[in-house]
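Topology and contacts: notes
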Amino acid sequence: GAVVSQHPSWVICKSGTSVKIECRSLDFQATTMFWYRQFPKKSLMLMATSNEGSKATYEQGVEKDKFLINHASLTLSTLTVTSAHPEDSSFYICSATGGGSGANVLTFGAGSRLTVL
Amino acid sequence: QKEVEQNSGPLSVPEGAIASLNCTYSDRGSQSFFWYRQYSGKSPELIMFIYSNGDKEDGRFTAQLNKASQYVSLLIRDSQPSDSATYLCAVNIDDMRFGAGTRLTVKP
């Protein structure tokens, strides 16, 4: 089945630094990838939709200059949290469609837990 | 009105019982419906999905759609402690929208 690899699985950084999270589709080409954020005991919140070769579409309230998304190839999308602050600490999860399970089925990466000190 | 709503629970059932999870959605034009399971600290994993043309059964899991009332349900038969997790309902509107999830606990 479709596999989405996400790295790193957890990261701790100091306030003010930038953190990059990678999301790769291992056995299929993902023209569209999605980035979600989840706070403890809360639902998944869509941050942005990333299309290969074009600018990401951000959800209302998500700062595009803070959460930089790059989707340079059909198998790789990256999310960079710039100048991270403690309130950015969260569980970030990427997902992709196109794995062949059916129209619009999302395959999720394992998630990246970010802790900003 | 939220696009996808679920009762947050927790829903507690004894081992072997049927667990019934429900989800309502606001957009009548929705065509595909998904159930994901999320264990604590992990990312969601797909259980099953259905289209607007019918229900589906897969092993112990059955997904049912009531288009008139705009809700979709997930039934888990012979519930096991390993089924204890948060169950997320998702509906494809313009993109995938998730409910807040229902936490299920299956007690041995």
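Anything mentioned here points back to the structure above.
Rules and cut-offs
- Residues numbered from 1 in each chain as written.
- Chains lettered and ligands numbered in written order.
- Predicted model: local features only at pLDDT ≥ 70, side-chain atom pairs only at ≥ 80, totals over all residues.
- Heavy atoms only, no water.
- 1 Å grid on protein atoms, 1.4 Å probe; cavity = no way out; pocket = protein on both sides within 12 Å on 5 of 7 lines; lining within 4 Å.
- Points joined across faces, edges and corners; volume = space filled by probe spheres on them.
- Helix = DSSP H or I, 4+ residues; strand = E, 2+ residues; numbered from the N terminus.
- Nonpolar A, V, L, I, M, F, W, Y, C, P; charged D, E, K, R; others polar.
- Contact = heavy atoms within 4.5 Å.
- Buried area = accessible area lost by both parts, 1.4 Å probe.
- Salt bridge = Lys/Arg side-chain N within 4 Å of Asp/Glu carboxyl O.
- Polar contact = N/O pair within 3.5 Å; in protein donor to acceptor, adjacent residues only side chain to side chain.
- Pairing = 2+ DSSP bridges.
- Axes fitted to C-alpha atoms, helices over the stretch in contact; angles between N-to-C directions.
- Phe/Tyr/Trp six-rings, centres within 6.5 Å; stacked < 30°, edge-to-face > 60°.
- Buried < 20%, exposed > 50% of the residue type's maximum accessible area, 1.4 Å probe, protein only.
- Lys NZ or Arg CZ within 6 Å of the ring centre and 35° of its normal.

Of the volumes computed, that of the largest pocket is approximately 650 Å³. What lines the largest pocket is a set of 24 residues, and nearest its centre among them are Q38, P40, K41 and K42 of chain A together with T86 of chain B. Here the lining of the largest pocket takes 3 residues from strand β9 (residues 85-92) of chain B, the largest share from any one element. Tallied by class, residues from the lining of the largest pocket come to 8 nonpolar, 10 polar and 6 charged. S43, L44 and M45 of chain A together with R97 and F98 of chain B are, among the 21 residues lining the second largest pocket, the residues nearest its centre.

Moving on: the interface of chain B and chain A. Counting from both sides, the interface comprises 19 residues of chain B and, opposite them, 19 residues of chain A. Interface area for chain B against chain A, summed over the two sides, is near 1300 Å², with a carbon-plus-sulfur share of 56%. Summed over the three residues of chain B that lose the most area to chain A, namely S43, M96 and F98 of chain B, the buried surface amounts to 29% of that side. Applying the counting rule to chain B against chain A returns 1 salt bridge. Among the ionic pairs, E59 of chain A bridges to R97 of chain B, the shortest N-O distance being 3.1 Å. Between chain B and chain A we count 5 residue pairs in polar contact (both at pLDDT 80 or more) in total. If you list the elements that add at least two residues to the side of chain B that touches chain A, you get β4 (32-38), β5 (45-51), β9 and β10 (96-98) of chain B. In terms of residue class, the side of chain B that touches chain A is built from 10 nonpolar, 6 polar and 3 charged.

The pairing of strands in a sheet happens through backbone hydrogen bonds and is either parallel or antiparallel. All names here are of chain A. Taken in spatial order, the 4 strands make up an open sheet running β1-β3-β8-β7, and their pairing is antiparallel. The two strands at the open ends of the sheet, each matched to only one other strand, are β1 (4-7) and β7 (67-73). In this sheet, neighbouring strand axes are inclined to one another by 15 degrees on average, regardless of whether the strands run parallel or antiparallel. Taken together, the 6 bridges between strand β3 (residues 19-25) and strand β8 (residues 76-81) define a ladder with antiparallel strand orientation.

The next point concerns the packing of aromatic side chains. Going through the model one piece at a time under the given rule, you end up with 9 aromatic pairs over all chains. The interplanar angle of 50 degrees and the centroid separation of 4.9 Å between the aromatic rings of Y25 of chain B and F33 of chain B together place this pair among those described as tilted. For F33 of chain B, a relative accessible area of 1% corresponds to the buried category. A centroid spacing of 5.5 Å and a plane angle of 80 degrees characterise the contact between F49 of chain B and Y51 of chain B, whose relative ring orientation is edge-to-face. Its relative accessible area of 11% is what places F49 of chain B among the buried residues. The structure contains a cluster of three or more aromatic residues connected by ring pairs, namely Y36 and F108 of chain A together with Y36 and F98 of chain B. Sitting over the ring of F91 of chain A, R113 of chain A keeps its end group 4.4 Å from the ring centre. When the ring centre of F49 of chain B is taken as reference, the NZ or CZ atom of K56 of chain B above it lies at 4.3 Å.

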